[in-house]
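Listed here are the chains, written in short residue letters.
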Amino acid sequence: MKRILCGVDIGGTKLSTALVSHDGSLIDKCIDCDHVNKPENQLVEQITENIKRLLSKNGLNETDLIGIGIGCAGHIRFRDGVIITTSNLKGYKNYPLRENIKRNFSVPVILDNDANAQAFGEFRFGAGKGYDSMVFLTISTGIGAGIIIDNRLYRGLTGTAGEFGHMIVEPESELVCTCGNRGCLMACACGLALPHLFRKKISEGKISGLNLPPDFNFDRVDGKLLKQGLDMGDPVSMEIILDSAHYVGIGVYNIFQALNPPLIVLGGGLLSWGDFYLSQIRKTFNEYARDMIFDPFAIDVSKIGPDVGVIGAASLALEPC
Ligand SMILES: [Zn+2]
């Protein structure tokens, strides 16, 4: 049997651990939801136990693994496997997670940012198959991205390259990003912006067809609610989706100009807005790019689906050194 991969995706609500075959299909996985408030050393134990349990449950040994890839939201210094900061978990300031997991195993352990992990998964097993370079942009509550150049992730000096969510697309915007700047792509286009955008449209006198109660708390506006609105033809939901698509289109254009990749893959929860969303992103991109595209260039959507986090983490073990 060909050796397999192990992936760990440390999220803000779920800790997913999976065994993944060499071609990217899921063999087995387990999900915990009790990891967020644990001290660092207990998370190390939990991850170690999950991996060992999954291996033995499937009649496998550590020697069947190519390596263990871990994806974690936040700033990760790749070269030494340290979590610099993460807003998903308590603590973890300059925490050497990779070394502490590595101590319990004899196979390589790789720690990277979750968006980089998803990007590499999509590159090896999803929409990026057949390409040697691409950019992945995930649009959900926040915006993350990963850059692949010549079959490897491009991480920059610290490991934080590809923070396209903080690219400024509207400097005069009233929307303030989590980083403190005005008009970051993340402030204007993703899930974090939706409550504000919805509230603003209503305060301008626009009427939503969503039949919301008079005491509706606009903080509850999310991608799912707007999807319902889109399906019903609600003009307020549709306007917000088009606004988001406009800014993502500008973001894609900026990435295109900076890196000239052959492919940009879009993923994340807001892509459930479907073709209505995607076609506006492409339209905005084309309006700006006009006659500056000299070779085939594609904007495609993620093919891996909801397990992209853990499959992406596993794929990190396949990155050439
Ligand atoms: Zn920002």
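This is a predicted model, so every value here is computed, not measured.

Calculation criteria
Residues numbered from 1 in each chain as written. Predicted model: local features only at pLDDT ≥ 70, side-chain atom pairs only at ≥ 80, totals over all residues. Heavy atoms only, no water. Phe/Tyr/Trp six-rings, centres within 6.5 Å; stacked < 30°, edge-to-face > 60°. Helix = DSSP H or I, 4+ residues; strand = E, 2+ residues; numbered from the N terminus. Buried < 20%, exposed > 50% of the residue type's maximum accessible area, 1.4 Å probe, protein only. Lys NZ or Arg CZ within 6 Å of the ring centre and 35° of its normal. Pairing = 2+ DSSP bridges. Contact = heavy atoms within 4.5 Å. Axes fitted to C-alpha atoms, helices over the stretch in contact; angles between N-to-C directions. Expected span 1.5 Å × (residues − 1). Arc of directions from axis to C-beta. Salt bridge = Lys/Arg side-chain N within 4 Å of Asp/Glu carboxyl O.

Asker: Kindly report on the packing of aromatic side chains, identifying the contributing residues and their values.
Answerer: The final tally for this structure, using the stated rule, is 10 aromatic pairs. When the ring of Phe-256 is compared with that of Phe-285, the centres are 5.3 Å apart and the planes differ by 85°; the resulting orientation is edge-to-face. With Phe-256 in helix H7 (residues 235-259) and Phe-285 in helix H8 (residues 274-289), the pair connects residues that are 29 residues apart, well separated along the chain. Given the relative accessible area of 4%, Phe-256 is considered buried. Members of the aromatic cluster, each reached through a chain of ring pairs, are Tyr-253, Phe-256, Phe-285, Tyr-288 and Phe-297. Directly above the aromatic system of Phe-78 lies the positively charged group of Arg-155, at a separation of 3.4 Å from the ring centroid.

Asker: Talk me through the sheet that holds strand E9 (residues 143-149); I want residue IDs and the actual numbers.
Answerer: Read across the sheet, five strands follow the order E10-E9-E8-E11-E12 without closing on themselves; strand pairing throughout is mixed. Both outer strands of the open sheet, strand E10 (152-153) and strand E12 (298-301), are each paired with one neighbouring strand and no more. Contacting strand E8 (134-139), E9, E10 and strand E11 (263-267), helix H3 (residues 114-125) crosses the sheet at an angle of about 50° to E9. In the packing of H7 onto the sheet, contacts are made with E8, E9, E11 and E12, and the angle to E8 comes to roughly 160°.

Asker: Please give an account of the sheet that holds strand E4 (residues 65-72) that cites residues and values.
Answerer: Strand order across the open sheet formed by five strands is E3-E2-E1-E4-E7, with mixed pairing between neighbours. At either end of the open sheet lies a strand with only one pairing partner, and these are strand E3 (26-32) and strand E7 (109-113). Sheet twist, expressed as the average angle between the axes of neighbouring strands with direction ignored, equals 15°. Pairing geometry for strand E2 (residues 15-20) and E3, over six bridges, is antiparallel. Bridging from a neighbouring strand, Leu-15 pairs with Asp-32 of E3. On top of the sheet, helix H9 (residues 308-315) reaches strand E1 (4-10), E2, E3 and E4; it is set at about 125° to E1, its chief contact.

Asker: Which residues make up H8, and what values go with them?
Answerer: For H8, built from 16 residues, the straight-helix expectation of 22 Å at 1.5 Å per residue is met to within 8% by its first-to-last C-alpha distance of 22 Å. Within the sequence span of H8, burial applies to Tyr-277, Leu-278, Gln-280, Ile-281, Thr-284, Phe-285 and Ala-289. What you see down the axis of H8 is that its buried residues fit within an arc of 165°, all on one side. Its buried side turned inward, H8 meets E8, helix H4 (185-189), H7, E11 and E12. Arg-290 occupies a position one or two residues after H8 and carries a positive phi of about 40°.

Asker: Quick one: what's the story with the pattern of salt bridges, residue by residue and with numbers?
Answerer: For the structure shown, the criterion picks out 18 salt bridges. A salt bridge links Asp-34 to Lys-38, with the nearest nitrogen and oxygen atoms 3.6 Å apart. Shared partners join several salt bridges into a network, and the residues in it are Glu-174, Lys-200, Lys-201, Glu-204, Lys-206, Glu-239 and Asp-243.

None of the figures reported here should be taken as evidence of function without further support.
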